[in-house]
Amino acid sequence: MKTVLTTPVNSNQTTQTSQLIPASPTSVENPSTWMRDGYSPTEIILAVAILTSLSIGGIASVIVAITGLVKTLVRPTSEKTK
């Protein structure tokens, strides 16, 4: 005895098609435009580094000045109490 398997065919099937839409190319500005307009990533990083180092140097100078002032004011006061 031979057994045959069959799959029913649905006559109401529809075929869907899709169309690939090409992606629009991203616009990359010319580096010379960045430099001219002041938006160069390298220029921004360099400016931040310079400003950071100047501010750290300024803060260090203030700390040294305050330390010197405290040493100057505290020394005579402690010598007077002896």
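Here, every reference points to the structure presented above.
Note that the structure is a prediction, hence the values are computed from the model and not measured.

Engineer: Any chance you could explain the overall build of the protein here in plain terms?
Structural biologist: Scanning the protein from N- to C-terminus turns up 2 helices and 0 strands. For the protein, the computed accessible surface area is about 8,300 Å², with 64% contributed by carbon and sulfur atoms.

Engineer: Just checking my understanding: could you explain a nonpolar patch on the surface for this structure?
Structural biologist: A surface patch of nonpolar side chains, about 550 Å² in accessible area, is lined by Val62, Ile66, Leu69, Val70, Leu73 and Val74. Position of Val70 relative to the elements: it lies in helix H2 (residues 41–80). With relative accessibility at 44%, the residue Val70 sits in the partly exposed group.

Definitions and cut-offs
Position labels on residues start from 1 in each chain and follow its written sequence. Owing to the predicted nature of the model, reporting of local features is limited to residues with pLDDT of at least 70; listing and counting of side-chain atom pairs is limited to 80 or more, with chain, interface and lining totals taken over all residues. Water and hydrogen atoms were dropped before computing side-chain values, which therefore reflect all heavy atoms in the structure. Helix numbering and strand numbering both begin at the N terminus, where a helix is a DSSP run of H or I of at least 4 residues and a strand a DSSP run of E of at least 2. The Shrake-Rupley method, run with a 1.4 Å probe sphere, supplies the accessible areas, and residue values consider only the shown protein chains as cover. A patch consists of residues exposed above 30% relative accessible area that lack any salt bridge, with like charges linked at up to 9 Å and nonpolar side chains (Val, Leu, Ile, Met, Phe, Trp, Tyr) linked at up to 5 Å. One side-chain nitrogen of Lys or Arg within 4 Å of one carboxyl oxygen of Asp or Glu is enough to make a salt bridge. For every residue, the accessible area (1.4 Å probe, protein chains only) is compared with the maximum for its type, and the residue is labelled buried under 20%, exposed over 50%, or partly exposed between those bounds.

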